[in-house]
2 protein chains.
Amino acid sequence: MQPLSIAENRNAAPVDPLPSWNQGIIKARILNFVKNVTDSESTNYITPEDRIAVFDNDGTLWAEKPTYFQGFFVLNRLEELSKSNPEISRNPQLQQLLNKNFTNLQLLTKKDIMSLVMLTHSNITQHEFNRMVQKWAETAHHPQTQKRFVQMVYQPMNELIDFLKHNHFKTFIVSGGGIDFVREALSNVYGIPTDQIIGSSIKFKYISGTNMGNSTILREPELASFNEKEVKPENIQLHIGKVPVFTAGNSDGDLEMLRYTADNNSPGKSLEILVHHDDGSREYSYDTGSENVLIEAQRRNWTIVSMKDDFRIIYPNTNSTN
Amino acid sequence: MQPLSIAENRNAAPVDPLPSWNQGIIKARILNFVKNVTDSESTNYITPEDRIAVFDNDGTLWAEKPTYFQGFFVLNRLEELSKSNPEISRNPQLQQLLNKNFTNLQLLTKKDIMSLVMLTHSNITQHEFNRMVQKWAETAHHPQTQKRFVQMVYQPMNELIDFLKHNHFKTFIVSGGGIDFVREALSNVYGIPTDQIIGSSIKFKYISGTNMGNSTILREPELASFNEKEVKPENIQLHIGKVPVFTAGNSDGDLEMLRYTADNNSPGKSLEILVHHDDGSREYSYDTGSENVLIEAQRRNWTIVSMKDDFRIIYPNTNSTN
């Protein structure tokens, strides 16, 4: 009976590779792009080695409100550090953070968070840091949804990553967040290897150790790269060495890498995606920080994804009402 | 008859994955390491996502005499530039190079070459640079062997890369050479994607262009990272984010990444390889620049590969006498 069941399979409706996306012009565009560039008969065919796809992280692959989730990790580390360092308790701004004043936390820019990263994430070994992030990712919960932060990844975007991988795209994260924070918290969640995750970084220092057998990497309190805006295409060149053909972002920090992708590929041979936060009931509704990229996306006819209209669900393991 | 031929296949001698390596203790060590760490029943088992293998390039994967091959590319660019820039012809050191004084070229350190890289490799777009390297790789020949430089890769090491890939290792190049030079000249030769090639780098600058549609990456005349010695493990952390379990090098510039690998894995769960240039008849015989790593390799019982004894052939498509 096996041949018959194979035949039945052939006649069955094709499996939808993006079941968490609503039918519509946006989903059709994505499916059409991938179909075209992977069809060796198409004039838009792209060889597998050039199928480079890059995704921003905060606000593109997971939520970023009330503030970047790395801010909560900073808070967590600050609490730990304050136990042994009285200077932290004496600093009013840090004390406000320790009192879980989220209004205050919301006011932090990514740059502020990076400064706090210097305080809370450096002068420890890379190994220690990795364990801290892993523990945080396993235990910390979002103050509003009560979900673990790593459960607040967008299921439709997760499916898009898998769909691209299935079509022999190599997928990368190009985040403004800390490179090792994103790696240790999310590499397993997205199924994207650590070497395909790019982000902001502090200086790494190789220490040979006092005894043979204990060389290690120390995290220095010095910013090496703040991976936002024009630095994103620069770091894409440094880490990947190719121009992406697929780029997804959500904010003005992603504008340059979206431009870089659109400008350096022939029409039809790249896809630029902008995730638009317009769903105040299931997620958050805001344009602040995305004003410029929204204008350019409309002008250049990039693919603007409405979270309200195009996402059937937001988070994994939830039904269509959440 | 198909089942029979399958059975015959099963009884046939296993295919040697390293046919260009002579039988002996070194080849056995390599085969044994890979067998152990890929055997899920072994106490030394390493999961595929942690099978990170890094290779130095100059002197480890291809030859480096009479000088680093990137030096010849520099010379080639210098000739091109001198046509429009009379200052180059007036500089005695550069003039000596232009007169193909290889003795002079041999005296250049990697740092000297990097300075010349500033002169010859910057203030052009990344796209232009890539095309220049590609053209050089397709056409330039070694002054002594008359082979194209890209044909002077070591066939046994090429096989080792393939063998590791076949066993689900992710292979990286961690070179002192220019990151994009190595990518554009050798990515196709080794079958290692550009994003898995790490090297020295100059500063990349994103330029938005004066018109919409022409943003690009410009190569700035400023060193960003000189990927030698302690910088190698630092850049491994930046680009890969994991500790390698397999590291191959040949000079003191590789000592720190070999140490880092040996120190941060349990015994039996890593392999440290040192390619020893002891074959003056088929390649070159020299220890200069490898004195320290040779001492440490012997002391710590790392795997020292004798090119004379362990390599059956040196270059691809050559018989055992060459």
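> Describe the overall build of chain A, naming the residues involved and giving the relevant values.
Within chain A one finds 14 helices and 7 strands. Over its C-alpha trace chain A gives a radius of gyration of 21 Å, about what one expects of a compact globule, namely 20 Å for 322 residues. Expressed as lengths along the three principal axes of its C-alpha atoms, the size of chain A is roughly 70 × 50 × 50 Å. Buried positions account for 44% of the 322 residues belonging to chain A. Long-range pairs, those at least 24 residues apart, make up 70% of the contacts in chain A between residues at least 6 apart in sequence.

> Requested: an account of helix α12 (residues 255-263) of chain B, with residues and values cited.
Here α12(B) lies mainly inside the structure; 8 of its 9 residues are buried. The complete set of buried residues in α12(B) reads Leu255(B), Glu256(B), Met257(B), Leu258(B), Arg259(B), Tyr260(B), Thr261(B) and Ala262(B).

> Just give me the short version of the nonpolar core, but keep the residues and values in it.
Among the nonpolar cores identified, the biggest contains 75 residues, and Ala53(A), Val54(A), Phe172(A) and Ile173(A) are the most heavily contacted of them. The residues contacting Ala53(A), other than those within four sequence positions of it, are Leu164(A), Phe169(A), Lys170(A), Thr171(A), Phe172(A), Pro244(A) and Phe246(A). If you look at the next biggest cluster of nonpolar residues, it comprises 74 residues, including Phe172(B), Ile192(B), Leu238(B) and Phe311(B).

> Which residues make up the sheet that holds strand β5 (residues 246-249) of chain B, and what values do they have?
All names here are of chain B. On the basis of which strands lie adjacent, the open sheet formed by 7 strands has the order β4-β3-β2-β1-β5-β6-β7 and mixed pairing. Either end of the sheet is taken by a strand with one partner, and the two such strands are β4 (216-225) and β7 (303-306). The average angle at which neighbouring strand axes cross in this sheet is 35°, direction not considered. Where strand β1 (residues 52-55) meets β5, 3 bridges bridge the pair, whose relative direction is parallel.

> Lay out the environment of Ile198(A) with the relevant residues and their values.
Residues and elements named next belong to chain A. Tracing the backbone through its elements, the reader meets Ile-198 in strand β3 (residues 197-207). Here the alpha-carbon distance between Ile-198 and Met-212, two residues 14 residues apart in the chain, equals 32 Å. If we ignore the near neighbours within four places in the chain, the residues touching Ile-198 are Phe-172, Ile-173, Val-174, Ser-175, Ile-179, Asn-227, Asn-235 and His-239.

> Could you give an account of the interface of chain B and chain A, naming the residues involved and the relevant values?
Across the boundary between the two partners, chain B contributes 30 residues, which contact 30 residues of chain A. Elements with a minimum of two residues in the side of chain B that touches chain A: α10 (179-190), β3 (197-207), α11 (231-239) and α12 of chain B. When its residues are assigned to classes, the side of chain B that touches chain A shows 9 nonpolar, 10 polar and 11 charged.

> Describe the relation of the copies chain B and chain A, naming the residues involved and giving the relevant values.
Overlaying chain B on chain A yields an RMSD of 0.0 Å, the required transformation being a rotation through 180° with an accompanying axial translation of 0.0 Å. Both copies of the chain, as the preceding transformation shows, are related through a two-fold rotation axis. No C-alpha of chain B approaches the rotation axis more nearly than that of His239(B), which lies at 3.3 Å.

> Describe the confidence of the model for chain A, and please don't skip the residues or the numbers.
All names here are of chain A. Overall, the predicted model of chain A reaches an average pLDDT of 91, with 92% of residues at or above 70. When the elements of chain A are averaged for pLDDT, helix α1 (residues 2-11) gives the smallest value, 46, and strand β1 (residues 52-55) the largest, 99. What the predictor reports for the complex is a pTM of 0.93 with an ipTM of 0.93.

> Talk me through the packing of helix α11 (residues 231-239) of chain A against helix α12 (residues 255-263) of chain A; I want residue IDs and the actual numbers.
All names here are of chain A. Interhelical geometry of α11 versus α12 gives an angle of 60° and a closest axis separation of 7 Å. The orientation of α11 with respect to α12, classified from their angle, is oblique. Counting all contacts with α11, which are made through Lys-232, Pro-233 and Ile-236, the residues of α12 involved are Glu-256, Met-257 and Tyr-260. Taken together, the residues of the contact of α11 with α12 break down into 4 nonpolar, no polar and 2 charged.

> Can you explain the pairing of strand β6 (residues 271-276) of chain A? Please cite residues and give values.
Residue and element names in this part refer to chain A. Within β6, 6 of the 6 residues are buried, which leaves the element mostly enclosed by the surrounding structure. The alternating pattern of β6 places Leu-271, Ile-273 and Val-275 on one face and Glu-272, Leu-274 and His-276 on the opposite face, and all of these are buried. The sheet contact formed by strand β5 (residues 246-249) and β6 spans 4 bridges and is parallel. Residue pairing for β6: Ala-248 is matched across the bridge by Ile-273. Assessed by its sense of winding, the connection that carries the chain from β5 through α12 to β6 is right-handed.

> Which residues make up the packing of helix α8 (residues 126-139) of chain B against α10(B), and what are the values?
Each pair of packed helices can be described by the angle between their axes along with the distance between the axes. Residue and element names in this part refer to chain B. Where α8 contacts α10, the axes come no closer than 8 Å and their chain directions differ by 50°. On the basis of their axis angle, the class for α8 and α10 is oblique. Once α8 is placed against α10, the crossing between them reads as right-handed. Contacts between α8 and α10 involve Phe-129, Asn-130, Val-133, Gln-134 and Ala-137 on the former and, on the latter, Asp-180, Phe-181, Glu-184 and Ala-185.

Rules used in this analysis
- Starting from 1, residues in each chain are numbered consecutively following that chain's sequence as written.
- Here chains are named by letter from A upward and ligands by number from 1 upward, in the order in which they appear as written.
- Whole-chain, interface and lining totals are the exception, using all residues; otherwise, since this is a predicted model, local features are given only for residues with pLDDT of at least 70 and side-chain atom pairs are given and counted only at 80 or more.
- Here a helix means four or more residues in a row that DSSP labels H or I, a strand means two or more in a row labelled E, and each is numbered from the N terminus.
- As defined in this context, the radius of gyration uses C-alpha atoms, and a globule is described by 2.2 Å times the residue total to the power 0.38.
- Here the C-beta atoms are placed from the backbone, and a residue counts as buried if at least 20 other C-beta atoms lie within 10 Å of its own, exposed if 12 or fewer do, and partly exposed otherwise.
- Throughout, a pair of residues is in contact if the C-beta atoms placed from their backbones lie within 7 Å.
- Linking buried Ala, Val, Leu, Ile, Met, Phe, Trp, Tyr and Cys residues through C-beta atoms within 7 Å yields a set, and such a set is a nonpolar core.
- Here a strand pair is declared whenever DSSP counts at least two bridges between the two strands.
- Angular values range over 0 to 180 degrees, each being the angle between N-to-C directions of two axes fitted as lines to C-alpha atoms, with helices fitted over their stretch in contact.
- In this classification, the charged set is Asp, Glu, Lys and Arg, the nonpolar set is Ala, Val, Leu, Ile, Met, Phe, Trp, Tyr, Cys and Pro, and all remaining amino acids, among them Gly, are polar.
- Alignment of copies: least-squares fit on C-alpha atoms of residues with pLDDT of at least 70 in both copies.
- A residue's pLDDT is the confidence the predictor assigns to it, expressed on a 0 to 100 scale.
- Throughout, the term roughly parallel applies to angles under 35 degrees, roughly antiparallel to angles over 145, roughly perpendicular to angles from 65 to 115, and oblique to all others.
- Throughout, right-handed denotes a crossover for which the path from the first strand over the helix to the second runs clockwise when the strands point away from the viewer.
- Crossing handedness is read from the near helix: turned anticlockwise from the far helix by less than a right angle, it gives a left-handed crossing, and turned clockwise, a right-handed one.

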